[in-house]
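What follows is the residue order along each chain.
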Amino acid sequence: SVDDSLRTVSKRARGALVAFAKNPSLDANPLTSDTVLPETVTELRAKKSGYLQVIDTSGLEKCLGGQGYIYVLKSPGTHILEGDVVALVSGHVEGGILDDLLSSFTFGDHRTYEQDAAFGLLVLSEIASKALSPGINDSGTAIEAILRMKVLLWDFSRTQPSDKPASAQRVFVPVPEHQALLEAAFSQVSRDGAGMIEVALCLRKSLQALCDVDDARLQTAACSLAGVALKHC
């Protein structure tokens, strides 16, 4: 049933969001605009196309063997084409070591919940958008999905990050922006529900509630998306 699907997806989404809130850099160092890359690097290229599902940072640390650093350029949930550069390794690295490093990346045909915090929100958003299609016209399900996403993001904003130091000290990974979480949750439904007053009001109130969270990054993203939703209406 739709109710069962909403409960199942919400549970999976909550687990992914809590894991992301507690450990956004996957036990590695965050790769930011302030990270200084070495002058000499070796590109690590994907050998197949698909979604990047899991990054095993402890496996990468082990492969490095205490020498050099690896700078991962893609986050879980990103679609990769064969030959795309997924990471940079410091210095000149031989092909055998590159193959070992690449084995710590899992690729597949579909996105998964494990390290992809935005995926569960996207699935809930798609349930809401499908409910709003002319053939179904079920605004109640869309509203239920919106409210569930509001609660998930509210709880996410109140989850404290772990104070445990990164175990993969030679690994750097990018941390997805909070804006991406909000867009995964509400971009589709803000467009598809703009013509239904009850859905549009629920969405606006939900985003306004998220504008009051203590997390400044999530607050800014919510207020920005609230303006976009109003323009759609």
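Everything quoted here is computed from the prediction, not taken from an experiment.

### Some points on the sheet that holds strand S8 (residues 168-174)
To summarise the sheet geometry, strands pair through backbone hydrogen bonds and adopt either a parallel or an antiparallel arrangement.
Now for step 1: Across the sheet, which stays open at both edges, the five strands sit in the order S1-S8-S4-S6-S2 with mixed pairing between neighbours. With partners counted over all chains shown, the strands left at the sheet margins are strand S1 (28-31) and strand S2 (41-45), one partner each. In this sheet, adjacent strand axes meet at a mean angle of 25° when their direction is disregarded.
Now for step 2: Strand direction decides the pairing type here: S1 and S8, joined by four bridges, are parallel. Bridge pairing links Asn 29 to Phe 172 in S8.
Now for step 3: Where helix H2 (residues 57-64) meets the sheet, it contacts S1, strand S4 (70-72), strand S6 (85-90) and S8, and its direction lies at approximately 130° from that of S8.
Now for step 4: Strands S2, S4 and S6 of the sheet are contacted by helix H3 (residues 95-102), whose axis makes an angle of about 50° with S2.

### Concerning H2
Now for step 1: The set of residues buried in H2 consists of Thr 57, Gly 59, Leu 60 and Leu 64. Axial view of H2: buried residues confined to an arc of 155°, hence all on one face.
Now for step 2: A positive backbone phi angle near 60° is found at Gly 65, which sits one or two residues after H2.

The rules we used
Residues numbered from 1 in each chain as written. Predicted model: local features only at pLDDT ≥ 70, side-chain atom pairs only at ≥ 80, totals over all residues. Heavy atoms only, no water. Pairing = 2+ DSSP bridges. Helix = DSSP H or I, 4+ residues; strand = E, 2+ residues; numbered from the N terminus. Axes fitted to C-alpha atoms, helices over the stretch in contact; angles between N-to-C directions. Contact = heavy atoms within 4.5 Å. Buried < 20%, exposed > 50% of the residue type's maximum accessible area, 1.4 Å probe, protein only. Arc of directions from axis to C-beta.

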